[in-house]
8 protein chains.
Amino acid sequence: MNSDSIRKLFRQVHQGTLSPEEAVERLRHLPFEDLGFAKVDHHRALRNGMPEVIFGKGKTPDQVAGIFANLAKHGGNILATRTTEDQFQAVKQLVPRSEYRVLGRAIVLKRDRKKYGKGPIAVVSAGTSDIPVAEEALVTAELMGNDVQHLYDVGVAGIHRLLANCAALAKARVVIVCAGMEGALPSVVGGLVGVPVIAVPTSIGYGAAFEGIAALLGMMNSCASNVSVVNIDNGFGAGYVASLINRL
Amino acid sequence: MNSDSIRKLFRQVHQGTLSPEEAVERLRHLPFEDLGFAKVDHHRALRNGMPEVIFGKGKTPDQVAGIFANLAKHGGNILATRTTEDQFQAVKQLVPRSEYRVLGRAIVLKRDRKKYGKGPIAVVSAGTSDIPVAEEALVTAELMGNDVQHLYDVGVAGIHRLLANCAALAKARVVIVCAGMEGALPSVVGGLVGVPVIAVPTSIGYGAAFEGIAALLGMMNSCASNVSVVNIDNGFGAGYVASLINRL
Amino acid sequence: MNSDSIRKLFRQVHQGTLSPEEAVERLRHLPFEDLGFAKVDHHRALRNGMPEVIFGKGKTPDQVAGIFANLAKHGGNILATRTTEDQFQAVKQLVPRSEYRVLGRAIVLKRDRKKYGKGPIAVVSAGTSDIPVAEEALVTAELMGNDVQHLYDVGVAGIHRLLANCAALAKARVVIVCAGMEGALPSVVGGLVGVPVIAVPTSIGYGAAFEGIAALLGMMNSCASNVSVVNIDNGFGAGYVASLINRL
Amino acid sequence: MNSDSIRKLFRQVHQGTLSPEEAVERLRHLPFEDLGFAKVDHHRALRNGMPEVIFGKGKTPDQVAGIFANLAKHGGNILATRTTEDQFQAVKQLVPRSEYRVLGRAIVLKRDRKKYGKGPIAVVSAGTSDIPVAEEALVTAELMGNDVQHLYDVGVAGIHRLLANCAALAKARVVIVCAGMEGALPSVVGGLVGVPVIAVPTSIGYGAAFEGIAALLGMMNSCASNVSVVNIDNGFGAGYVASLINRL
Amino acid sequence: MNSDSIRKLFRQVHQGTLSPEEAVERLRHLPFEDLGFAKVDHHRALRNGMPEVIFGKGKTPDQVAGIFANLAKHGGNILATRTTEDQFQAVKQLVPRSEYRVLGRAIVLKRDRKKYGKGPIAVVSAGTSDIPVAEEALVTAELMGNDVQHLYDVGVAGIHRLLANCAALAKARVVIVCAGMEGALPSVVGGLVGVPVIAVPTSIGYGAAFEGIAALLGMMNSCASNVSVVNIDNGFGAGYVASLINRL
Amino acid sequence: MNSDSIRKLFRQVHQGTLSPEEAVERLRHLPFEDLGFAKVDHHRALRNGMPEVIFGKGKTPDQVAGIFANLAKHGGNILATRTTEDQFQAVKQLVPRSEYRVLGRAIVLKRDRKKYGKGPIAVVSAGTSDIPVAEEALVTAELMGNDVQHLYDVGVAGIHRLLANCAALAKARVVIVCAGMEGALPSVVGGLVGVPVIAVPTSIGYGAAFEGIAALLGMMNSCASNVSVVNIDNGFGAGYVASLINRL
Amino acid sequence: MNSDSIRKLFRQVHQGTLSPEEAVERLRHLPFEDLGFAKVDHHRALRNGMPEVIFGKGKTPDQVAGIFANLAKHGGNILATRTTEDQFQAVKQLVPRSEYRVLGRAIVLKRDRKKYGKGPIAVVSAGTSDIPVAEEALVTAELMGNDVQHLYDVGVAGIHRLLANCAALAKARVVIVCAGMEGALPSVVGGLVGVPVIAVPTSIGYGAAFEGIAALLGMMNSCASNVSVVNIDNGFGAGYVASLINRL
Amino acid sequence: MNSDSIRKLFRQVHQGTLSPEEAVERLRHLPFEDLGFAKVDHHRALRNGMPEVIFGKGKTPDQVAGIFANLAKHGGNILATRTTEDQFQAVKQLVPRSEYRVLGRAIVLKRDRKKYGKGPIAVVSAGTSDIPVAEEALVTAELMGNDVQHLYDVGVAGIHRLLANCAALAKARVVIVCAGMEGALPSVVGGLVGVPVIAVPTSIGYGAAFEGIAALLGMMNSCASNVSVVNIDNGFGAGYVASLINRL
């Protein structure tokens, strides 16, 4: 934010080299950014502890490594999502302390280990194929300073596995639920807990699953009132929203 | 079925007025219906106890009453689905023993009270708004000679209500599950029982429920392998399929 | 919750009329509800201050009034959504202290005035036609014990109106954004605030708006990471989720 | 299922070191799994003869082989669906008695040769391209202990081929029908038989076939009342449902 | 077609009052219709016997009657589709010889009784609800000078009814097939005959029939190669195309 | 636009009662609107001659009349779209000089008769049913100060009618084309003219027209490169865009 | 067709070893195929000159060659559609007289050169990318004994190219029109000719062309009444239908 | 345009070797193109400065090079869109002065540097992934003789970046806006400027973005009235339309 030109105006008025009327007129013609736009950033303070994020898909290993290394010059955590082993090797060369979270397909540099979240976040997933999305949510929430616990492979066709873990769920302040196919799990979980549930449809399934549409529609129509939904396979978004909630 | 012309052919051969070769040639040119088409009806024997069915929607009270009274001249049960109170009043005039099942919107005449089904059929529904479809399934199965038990308002967001009734479900030989919105109930029920589950998506819901599409897709993608699906709001079809299974 | 039969088992063991082994076996065959199912309700404590809710659409005035009056016998708030003036008149007869919130189409009985929310919730809407959905969210959040502020008619085609109210937005702990047509407002608001945004697509629009699908897709694909989405026109759901978040 | 902690409670009450009231209270706080959850498994008895199932798609040959060999340590049949020749070679190394069913793309280990089904199951398919799905259904039903007969390439545009085989169809207790393109075959077959028909839309076709959607919609709207439907290409599900029906 | 102005040009050149160069220039600026546009109308001769057509839907009885009476001043047949009894009464006043075809919802004035078609056209329909569309096709073909035969209520779930009438079908030069729900009938008929089949999806059905989309997709994907398709409920179009074919 | 508070700041600095640094700090906390936001309005000057617009649909006659009369207090044109005869009668009472354009369903008050457009705008429509949308575009363009010419009922199945009017089209500076059903007209017109074509899909048609989707898709895929598209039935939008272009 | 068992019946009756009544009864239980099913084949006579057809897609070169060579043992033409150069090389080895039609991706063996069609068929296409589909239609019609003429690259955005070739179009007895993108060409052609038009949507286009859906919908909604439609990219079907029409 | 044959007719009439009547008759049978079709080409004059355009996708490097070199024999600019580096190398061989615009994937030959546009065109894009489409629009507009300025990476979730550049936007005569995901940017830009906005949905996004459908619907429903839309990823079309507008 650059307010030098504004400051200069006030100084000129102070020094008497510019009348107040002239100053107002000049202010009116300043480029927008010089006006400071301060109000919009009221919330920036909340952003402490937010990691820098890189979307790895479609970038070459060199591109990811370059951006990663550049961000690493400043403090804070770094998260590269949808990355490959090759991209990680390139990053590793430049930022030796970076790590690869295989399941979540994420390259991370974790430096800020402060807990910003006020309680545990639970990440639940229906089938083993949903784990990559769930892990993306998990690592996002972890890098944003949360205790995260996972509960995988508890699909609704074997409801007892979910019920057997109710106690763990009951401790969470926010729950993320990832499911493909019919996307029914968030409704069941939503009925079991009294906290916000972030539902993530996954593209897992075949035939009439339509790359996640069936799960998306299922979640939009959840009969549990505490469920809201993010985009198909958007583990990152779910982890981000859950982290914001958990900081409140 | 008319096989007079065939019989005539054989008689002519028997009497020697037609050679076998000529007879085969003539047979080849008989209209199809005269061939009898017997094989196709092998299964008709299974149809004992099947009710006559009238689809009431779009018919006037007089039309429904006329068809109903006509069918009532023969034995067996009669089922008119998607009917109104007005239609029933017209039927009642002509067939005083007919009854109206308000919840299932069905006019019935129950005369054959034999049990064709070999065990109980359970009809499960998610919300109170799904009951009309569930009752259509129930009355269909009942008129086809089954013991039917219902378990309503056990949607997945309150899973304990369903679990509290597992014992009842466990006795059923076939289970019909009706659900709108996200259509998740068949998956959960499918995981709890070891028998075939007939899923009926209902048009209940709003917004992204799309008149039952969300529920239909959810059920098609059920992670429970014992689930098959009929058309949206097709309670009759579900009751029919379940009855066929229960006779085996 | 009925645990009498369990208690009885323990007493019999205590009195020596039943061996521990026999007791375990009997326990195994008790109906599910007798097992108590206590774990599942751990979160019920969080539900203090939750209003009883009636979905008014499709019910007769008498039905709404009957249910409303029945719930009114117990303490706490009552909220009937998607109601009409006629339904309110019927409720008013039986529950004179009830009020009608015309814009939000809701009948309310507000008795518990405790603040459960820890900060203000902002409800933002794009056009005047979106107000009924926005008000449904607002009245839901209000009855769940929140301070709610609204900011209406700030659609993205007149971005200065939204920006002029940034200060108000910046104070909110949770923001609900209702928009039809292209559904772009949550993305813009999401970029302006650092708190969770609950997006509600509305069915407002014509032609390629497809009864809210365009807005729904727009919100699912929001480029702002702090946005999650509820069903089309689901003001109640948005108010409910926001209230849960605001209690944390 | 672990009920040790419950057993311990009863013993303590028996020994008088715990009062019945205290025992009930402790029971209430036991983790869910310790409560035994016996009721839910009432139906497990029905599962005798069910094969263990592996979904091969997306797994490496080594992964499939490892899981397969592990399951092979216990008795019963094993079925790996959607597998490749390569995956089979890997399995063969570890489980020499396994076989590859090329048409159905399935690796099987058949040890339990008991007949659980009470009559023949017929698998019908419309075109030669539908055979892989039909064979997946066939091998599933076979491994679940059924006599299965197939009737392939009897699409509705050459209705005489189907009619010429009516006699075979008429013997089946359950019929599975696989069809792509317009998906009309289940309706025709449904009209010819008096038993339940499980319809499987396949993704065969091009243009407006939309990867099986046209066939799926056709089957959902079947004018034959004895048809229910499973997911696109879900031969396994059809075989599974048919087997459950055939055991009744 | 008016070519007076062109003729005038040539005369002026002939008389020497205009040079050839000037004539070309003037020709270039003549309004298009004066250029004759003869080539485009080569086919008009084929149109003998075509009825004048009025689309009745959305017009008042007076409007329909006015247009009808106006067309009646010239010779030839007149066909008003999608009309009501009320519209007919208004037409009757002005054109006493007009008739109302109730089943086909068409007002007709039949004056040209010449046979333009060279053989019979068959109109086949699946269910009784498809009859209005089938009759619209029938009356269209009739007014265009064809012998038309109908074969109704021969849906694919009762294939023997269709087969019993094969002989009748075999005589047709063109076949029109109307079907809703799964739209399977054209495929079966297409396989039975060796002539062109015009398929008309109808909007009959419910749930996943989607107002005719299921039937439309089924017909587009017909496995019979002699099938082409017109718009949903477009009985008129089918009758028109069939008549054109039958004149060849 | 209120910049009093800014002016006050400069005066205080000028008078020495506030240091420049303090002034910058205070500026940073001023509500957004006080910052002037002048830059955003650079284009307002272009808006001279723009009518005030009311969307009539869903408003009572009294509401429309009230808003209309209120706007009429200021100068300039007023346009109320999607209005009824009843709404017009109410407006007429309060604003006697208002007129009703029946075909375009618009109430107008035309006071500013200056020509802002630099050439004629042509409005073309395919069928008579498309005229209401075409007329909405026409009256919008007229009220924004354009010469508008229309060319109706020139659908592509009778291409000679369109070609016969090429000369008129060739004079237009912008062309608006309204078409339902297959929406092919903009492509043909686009190939005939060398100026921008604004295409408006209409909801005219039935069956697979899907309320304008077929036309919309057709226009999006136009093989003519000078075509851009507005929403289904959005005559107003087309008139507005065309007017903006014609002012350039 | 096997009628031995029927013949045997007649002989036994003739010899007196079976009574006519017994013979009828036995006939009733004969397998269907033995009944001869003669009537259904009434139309086979029409099939003279029909080529044998192989769908090449998804088959190996060896498979195509094997089937091709096998069919070549009998007389008549052979057509393999959707084939590659590689497949042709394999066929060429076994059937040296076969030819490859590169543009239509078809391998053909043309032996029956009789003209079955009674006039020319015209194949029209919109863009150069539509030519493969158009050529598939052309080669199909050619092999079925028709004179075929093509008219390519006459898309509606350059309508004069189409009009300049009206004379050629006017001679055709049937017209096939292939178009992708907005699919408008069949409507325009339909308006220019008085004969049946078979429309083929192609999958050419991008974005909102949706692999041919836009073109398909456009053609279904054609404002020309002489248009019927086949599946996306189904050049073969169009050629087949056109040939059937042209034989009449 | 060839009018030789017409001229010849007039000369013969002038010389008296042909009577006016005979001349009219001959004219009637002239091929269409000989009639001149002058009216249709009135607008061709506007096309000065239009580049020749090649669609590179799906063509081999040699094909592109051949066409490019051929067009280069005449004057004017040449634009090959959707090209690759390989295609450029082939073109470079034959047309050494050609250039490759990497970001816009376009091969260009710029010879006509005249400014046909009357003011600047602004090209705005939401995210970095939208740049290829934006650059295609940019290079198209540039080759058609416009000053083009770009403003990239100003997505709506960071609205201040857009606002900071309002001044630049305000100078544009036409604005092109490219956006994927929710496609909200055109609405915001539309509200900030008073000139026509051409919106280009891009296929950027994942999950419920559906390859650009979400963005397309968002733009069709834009609440800003000055927005019209072209096909998904159609940067060329947007540049073309904007250039036509800018020439007016």
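What counts, and where the lines are drawn
Residues numbered from 1 in each chain as written. Chains lettered and ligands numbered in written order. Predicted model: local features only at pLDDT ≥ 70, side-chain atom pairs only at ≥ 80, totals over all residues. Heavy atoms only, no water. Helix = DSSP H or I, 4+ residues; strand = E, 2+ residues; numbered from the N terminus. Buried < 20%, exposed > 50% of the residue type's maximum accessible area, 1.4 Å probe, protein only. Contact = heavy atoms within 4.5 Å. Areas by Shrake-Rupley, 256 points an atom, 1.4 Å probe, with all protein chains shown as cover. Lys, Arg positive; Asp, Glu negative; His and termini not counted. Charge placed at Lys NZ, Arg CZ, Asp CG, Glu CD. Expected span 1.5 Å × (residues − 1). Pairing = 2+ DSSP bridges. Right-handed = clockwise from strand over helix to strand, strands pointing away. Salt bridge = Lys/Arg side-chain N within 4 Å of Asp/Glu carboxyl O. Domains from an automatic or database assignment. Buried area = accessible area lost by both parts, 1.4 Å probe. Polar contact = N/O pair within 3.5 Å; in protein donor to acceptor, adjacent residues only side chain to side chain. Nonpolar A, V, L, I, M, F, W, Y, C, P; charged D, E, K, R; others polar. Axes fitted to C-alpha atoms, helices over the stretch in contact; angles between N-to-C directions. Parallel < 35°, antiparallel > 145°, perpendicular 65-115°, else oblique. Left-handed = near helix turned anticlockwise from the far one by under 90°. Phe/Tyr/Trp six-rings, centres within 6.5 Å; stacked < 30°, edge-to-face > 60°.

## With respect to the overall build of chain A
- Secondary structure assignment for chain A yields 10 helices and 9 strands.
- Over its C-alpha atoms, taken along the principal directions, chain A stretches across nearly 80 × 45 × 35 Å.
- Relative to its full complement of 248 residues, chain A shows a buried share of 63%.
- Within chain A, residue pairs in contact and separated by at least 24 positions form 69% of the contacts whose partners lie at least 6 positions apart.
- Approximately 9,000 Å² of chain A is accessible, and the part contributed by carbon and sulfur atoms is 51%.
- Computed over 26 positive and 22 negative side-chain charges, the separation of the two mean positions in chain A equals 7 Å.

## Observations regarding the environment of A208 of chain F
- Inspection of the secondary structure puts A208 of chain F in the loop between strand 8 (197-201) and helix 9 (213-220).
- For A208 of chain F, a relative accessible area of 0% gives the class buried.
- Taking the C-alpha atoms as reference points, A208 of chain F and M181 of chain F, separated by 27 residues in sequence, lie 8.6 Å from one another.
- Apart from residues lying up to four places away in sequence, A208 of chain F is in contact with L216, N231 and I232 of chain E, A214 of chain F together with L217, M220 and N221 of chain G.

## Examining helix 5 (residues 131-143) of chain G
All names here are of chain G.
- Taking 1.5 Å of rise per residue, 13 residues should cover 18 Å, and helix 5 covers 18 Å from first to last C-alpha, within 8% of that figure.
- Burial runs high along helix 5: 12 of the 13 residues are buried.
- All of the buried residues along helix 5 are I131, V133, A134, E135, E136, A137, L138, V139, T140, A141, E142 and L143.
- At the C-terminal side of helix 5, G145 shows a positive phi close to 90°.

## Some thoughts on the pairing of strand 8 (residues 197-201) of chain B
All names here are of chain B.
- Of all 5 residues that make up strand 8, 5 are buried, and the element is covered over most of its length.
- Residues V197, A199 and P201 point to one face of strand 8 and I198 and V200 to the other, with burial holding for every one of them.
- Inspection of the sheet shows strand 7 (residues 174-179) paired to strand 8 by 5 bridges, in the parallel sense. Looking across to strand 8, one finds that V175 is bridged to V197.
- Traced from strand 7 through helix 8 (residues 185-192) to strand 8, the parallel crossover comes out right-handed.
- Crossover handedness for the path strand 8 to helix 9 (residues 213-220) to strand 9 (residues 227-229): right-handed.

## So, the pattern of salt bridges
- Inspection of every chain in the model, using the stated rule, returns 63 salt bridges over all chains.
- Linking E99 of chain C and R101 of chain C is a salt bridge whose minimum nitrogen-to-oxygen distance equals 3.9 Å.
- A salt bridge links E136 of chain H to R105 of chain H; the nearest nitrogen and oxygen atoms lie 3.5 Å apart. Separated by 31 residues along the polypeptide, E136 of chain H in helix 5 (residues 131-143) and R105 of chain H in the loop between strand 3 (99-101) and strand 4 (106-109) bring together distant segments of the chain.
- The exposure class of E136 of chain H is buried, given its relative accessible area of 2%.
- Assessed through its relative accessible area of 27%, R105 of chain H is described here as partly exposed.
- Connected through salt bridges with shared partners, the residues E99, R101, K110 and E142 of chain A form a single ionic network.

## Observations regarding the arrangement of the chains
- In this view chain B stays clear of chain F, with the nearest C-alpha atoms of the two still 15 Å from each other.
- Structurally, chain B and chain H remain out of contact, their C-alpha atoms never closer than 13 Å.

## What to know about the domain arrangement of chain A
Residue and element names in this part refer to chain A.
- Partitioning chain A into domains gives domain 1 (31-109) and domain 2 (121-247).
- Contacts between the two partners involve 19 residues from domain 1 and, on the opposite side, 16 residues from domain 2.
- Between domain 1 and domain 2 lies a buried interface of about 1,300 Å² when both sides are counted; carbon and sulfur atoms form 60% of it.
- Among the residues of domain 1 in contact with domain 2, M50, R101 and L103 are the three that bury the most area, contributing 33% of the side total.
- The tally of links between domain 1 and domain 2 comes to 4 residue pairs in polar contact (both at pLDDT 80 or more).
- Those elements that provide at least two residues to the side of domain 1 that touches domain 2 are strand 2 (78-81) and strand 4 (106-109).
- Class assignment for the residues of the side of domain 1 that touches domain 2 results in 10 nonpolar, 5 polar and 4 charged.

## Brief notes about the environment of T128 of chain B
- Along the chain, T128 of chain B turns up in the loop between strand 5 (121-125) and helix 5 (131-143).
- Sequence separation of T128 of chain B and V156 of chain B is 28 residues, and the distance between their C-alpha atoms is 13 Å.

## Looking at the sheet that holds strand 4 (residues 106-109) of chain E
Residues and elements named next belong to chain E.
- Here we have 4 strands laid out as an open sheet, ordered 1-2-4-3, and mixed in their pairing. At either end of the open sheet lies a strand with only one pairing partner, and these are strand 1 (52-55) and strand 3 (99-101). Averaged over all pairs of adjacent strands, the angle between their axes in this sheet comes to 20°, without regard to strand direction.
- In the sheet, strand 1 pairs with strand 2 (residues 78-81) via 4 bridges, with the strands oriented parallel. Residue pairing in the sheet places V53 in a bridge with L79 of strand 2.
- Contacts between helix 5 (residues 131-143) and the sheet are confined to strand 2, strand 3 and strand 4, with strand 2 contributing the most and set at about 165° to the helix.

## Observations concerning the pairing of strand 5 (residues 120-125) of chain F
Residues and elements named next belong to chain F.
- The buried fraction of strand 5 amounts to 5 of the 6 residues, a majority that puts the element mostly inside the structure.
- Sheet topology note: the strand 5/strand 6 (residues 147-151) ladder contains 5 bridges and is parallel. Residue A122 lies in a different strand from strand 6, and its bridge partner there is Q149.
- For the segment spanning strand 5, helix 5 (residues 131-143) and strand 6, crossover handedness is right-handed.
- One ladder, built from 5 bridges, connects strand 5 with strand 7 (residues 174-179); its direction is parallel. When the bridges of strand 7 are listed, I121 appears paired with V174.

## A word on the packing of helix 3 (residues 61-71) of chain E against helix 4 (residues 85-94) of chain E
Residue and element names in this part refer to chain E.
- The contact between helix 3 and helix 4 brings their axes to 8 Å, and the two run at 40°. One way to sum up the angle between helix 3 and helix 4 is to call them oblique. Considering only the axes of helix 3 and helix 4, their crossing is right-handed. Mapping the contact onto sequence places P61, D62, V64, A65, G66, F68 and A69 in helix 3 and D86, Q87, A90, V91 and L94 in helix 4.

## Quick notes on the packing of aromatic side chains
- According to the stated counting rule, one finds 28 aromatic pairs over all chains in the structure shown.
- Measuring from ring centre to ring centre gives 5.4 Å for F88 of chain B and Y100 of chain B, while their planes differ by 20°; the resulting arrangement is stacked. You can see F88 of chain B sitting in helix 4 (residues 85-94) and its partner Y100 of chain B sitting in strand 3 (residues 99-101), a full 12 residues away along the chain.
- Relative accessible area serves as the criterion here: at 9%, F88 of chain B is assigned to the buried category.
- Residue class for Y100 of chain B comes out buried when judged on its relative accessible area of 16%.
- Pairing F236 of chain E with Y240 of chain E gives two aromatic rings, centres 5.8 Å apart and planes at 45°, and the pair type is tilted.

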